[in-house]
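Structural characterization, general
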Amino acid sequence: MTIVARPRHAFRFRGRSFLALALKPEMPVAGWLAELDQWLARSPGFFTGKPLILDLAGLEMKRADIVALLAELGTREIRIMGIEGAEPAQLDATLPPLLAGGRTAGSVEVADAVGPRPSPAVKATITPPPPPPPAQSLLVEAPVRSGTAINHPDGDVVILGSVASGAEIIAAGSIHVYGALRGRALAGAYGNAGARIFCRRFEAELIAIGGYYKVTDELELRLRQKPVQAWLEGEELKIAMLERDEEEAGKWRKS
Amino acid sequence: MAEVLVVTSGKGGVGKTTSTAALGAALAQTGQSVVVVDFDVGLRNLDLVMGAERRVVYDLINVAQGDAKLSQALIRDKRVETLYLLAASQTRDKDALTEEGVRRCIDELREKFDWVICDSPAGIERGATLAMRYADLAVVVTNPEVSSVRDSDRIIGLLDSKTVKAERGERMEKLLLLTRYNQVRAGRGDMLSIDDVLEILSIPLLGIIPESEEVLRASNVGAPVTISNPSSAPARAYNDAARRLNREVVSMTIPTERKTLFTKLFGRRAA
């Protein structure tokens, strides 16, 4: 009998950011649940398939209360994937994990689902508390050298020089490169699918928008070294020349 | 006031040590006092290229750690009397260098010399970052091929962030020395063109050193090419680069081997 030594597989873990709704109950919980029921009657299925976090900050709920609340939410088909702001001692392995370090994101499309006239009390429980500060864009005037990673979680990144091969730009918003883009550009990296990538000379190694990416090998040759923009259409990452090139312009004139 | 110049590249084998020796000798031949400092602790080579390997008693580590005086460690060149070498230790590793020790050593060298030329090890680790740490300007040695260019780009980024000058918010001057340039292969498109390299790295050009057997021959006889064969194409290119370092305006040409009618007819071997 031979024993085959199986090669050990290395596990790969990667950090990812996702957007979740934070649901914040108010005391007394029974009254809050009643309001929630009224609101759900107007917007049935609003929470279906949405990642939800339960924000218990300032409520000082005991373990038993949390379990009861989760059960109540469960009967309304509201599943909670994580808990924020609770005492770690009140949670155990049977409850959703405790999350920390959440960032307030921009507006969540609540208004549409809420219907014409939501009651003010319930609306306040759904929308994240203060509006985030306006998105700040980051201007980089020097060329971005190989090995440099620029991460801007607040808005657009504008680069006046080139982005070298082996450099990486990560932006919450769009990325604008007025030189050659030879490295990686990841726009809308925090979930903004409307973000775009613009560059004067396209020689990128990888581009991504809202998590959908393309590596250069997959790209059409005619786009290389051209001024292009990239955007997301559904789940497809589209790239097109910003200006019509000579050949195409010629064809267009003839037709 | 001395100028501290670091010769660096990121990638190995592109010609840092050769260029350090050749530029050092070329600058010294103009009468300025020059010291070439080997930062490649553990893999020293500059002593060989300078032909001083049997004269090393104390080295950079001894001076940086205060075990030897600078005057004991400096080795004067036998051919050019204003040229000195401070060798690296072959038996130690780069962790033996401390930032404070290097600073003291460089400060002392600044007082004695017109030019302090630091030969950086390859890579971006401790040895390379310490070699550039106190520099006033940098010569980035690059071969016309993509991996060398990308590594150089990385080094330029480090020069702009990890040097004392950059941390003080001053502009670090960086000059490109394109080595191993082969006009025939560049013409065929086998190599990146000079314009491509300059476009990617976007730093001023210090010189173009043609690929030549003279460079190999020079290191094997233990002499900088600017001393061993001053009329050869690479030596002339290094001399031009040295004049540009002295802020002279020299037109940018790619020197070629001078060929007599005889060598043209019978090839190199006849010469």
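Residues numbered from 1 in each chain as written. Chains lettered and ligands numbered in written order. Predicted model: local features only at pLDDT ≥ 70, side-chain atom pairs only at ≥ 80, totals over all residues. Heavy atoms only, no water.

Quick notes on the nonpolar core
Residues and elements named next belong to chain B. The line we're drawing: Take the buried Ala, Val, Leu, Ile, Met, Phe, Trp, Tyr and Cys residues and link them wherever side-chain atoms come within 4.5 Å; each set so joined is a nonpolar core. Residue exposure (1.4 Å probe, protein chains only): buried if accessible area is under 20% of the type maximum, exposed if over 50%, otherwise partly exposed. Numbering goes from the N terminus for both helices and strands, where a helix is a DSSP run of H or I of at least four residues and a strand is a run of E of at least two. When checking whether two residues touch, look at their non-hydrogen atoms; a contact exists if any pair is within 4.5 Å.
The biggest cluster of nonpolar side chains holds 51 residues, and the ones touching the most others in it are V35, F39, L86, L97 and L109. It is helix α7 (residues 146-159) that contributes the most residues to this core, five residues altogether. In this view, V35 contacts L74, Y84, L85, L86, L109, F113, W115, V116 and I117; residues no more than four positions away in its chain are not counted. Counting residues in each nonpolar core, the second largest holds 38 residues, with A21, M50, A52 and L245 among its members.

Here's the deal with the pattern of salt bridges
All names here are of chain B. What counts, and what does not: Each reported salt bridge corresponds to a side-chain nitrogen of Lys or Arg within 4 Å of a carboxyl oxygen of Asp or Glu.
Counting across every chain of the model gives 30 salt bridges over all chains. D47 is the partner of R44 in a salt bridge, and the nearest nitrogen-oxygen pair spans 2.9 Å. An identical accessibility class is assigned to R44 and D47; each is buried. For R168, the salt bridge is made with E170, and the minimal N-O distance between the two is 2.9 Å. For R168, a relative accessible area of 56% translates into the label exposed.

Concerning the packing of aromatic side chains
A ring pair, where both rings are aromatic, is described by two values, the distance of the centres and the angle of the planes. Residue and element names in this part refer to chain B. How we decide: Note on aromatic pairs: the rings of Phe, Tyr and Trp (six-membered ring only in Trp) are paired at centre separations within 6.5 Å, and the planes decide the class, stacked below 30 degrees, edge-to-face beyond 60, tilted for the rest.
Within this structure, the stated rule accounts for one aromatic pair over all chains. Considering the side-chain rings of Y84 and F113, the 5.4 Å spacing of their centres and the 65 degrees angle between planes classify their relative orientation as edge-to-face. On the criterion of sequence distance, the pair formed by Y84 in strand β4 (residues 83-86) and F113 in the loop between α5 (99-112) and β5 (115-119) is long-range, its members being 29 residues apart.

Focus: the interface of chain A and chain B
Note on interface size: it is often stated as the accessible area lost on association of the parts. Selection rule: The quantity reported as buried area is the accessible area (1.4 Å probe) lost by two parts once they are put together, taken as the sum for both. Three classes are used: nonpolar for Ala, Val, Leu, Ile, Met, Phe, Trp, Tyr, Cys and Pro, charged for Asp, Glu, Lys and Arg, and polar for all others, with Gly counted as polar.
Each partner contributes to the interface: chain A provides eleven residues, whereas chain B provides ten residues. A buried area of about 800 Å², summed over both sides, lies between chain A and chain B, and 41% of it is on carbon and sulfur atoms. Considering only the surface of chain A that becomes buried against chain B, R145(A), S146(A) and R182(A) emerge as the three largest contributors, covering 67% of it. At the junction of chain A with chain B, the criterion picks out three salt bridges. In this structure, the salt-bridge partner of E199(B) is R182(A), at a minimum N-O distance of 2.5 Å. Along the lines of polarity and charge, the residues of the side of chain A that touches chain B split into three nonpolar, four polar and four charged.

Some points on the environment of E145(B)
Residues and elements named next belong to chain B. Residue position: E145 is located in the loop between β6 (137-142) and α7. Sequence separation of E145 and M191 is 46 residues, and the distance between their C-alpha atoms is 5.8 Å. Not counting residues within four places of it along the chain, the set of residues in contact with E145 comprises K11 and L192.

Some points on the confidence of the model for chain B
Filter applied, for reference: pLDDT measures the predictor's confidence residue by residue and takes values from 0 up to 100.
On average, residues of chain B score 91 in pLDDT, and 94% of them are at 70 or above. Scoring of the predicted complex yields 0.67 for pTM and 0.71 for ipTM.

So, empty space enclosed by the protein
Residues and elements named next belong to chain B. The criterion, for reference: Of the grid points, spaced at 1 Å and generated over the protein atoms alone, those admitting a 1.4 Å probe that cannot get out make up cavities, while open sets with protein on both sides within 12 Å along at least five of seven lines make up pockets; any residue with an atom within 4 Å of a point is treated as lining. Grid points are joined across faces, edges and corners, and a volume is the space filled by probe spheres set on the points.
Counted according to the given criterion, the structure contains two cavities of 30 Å³ or more. Estimates place the volume of the largest cavity at around 40 Å³. For the lining of the largest cavity, the secondary structure elements donating two or more residues are β3 (75-76) and β4. Grouping the constituent residues of the lining of the largest cavity by class yields five nonpolar, no polar and three charged. For the second largest cavity, the full set of lining residues is T18, V49, V215, A218, S219, A223, P224 and V225. If you tally residues by element for the lining of the second largest cavity, the top one is helix α11 (residues 213-221), at three residues. Looking at the lining of the second largest cavity residue by residue, the class counts come to six nonpolar, two polar and no charged.

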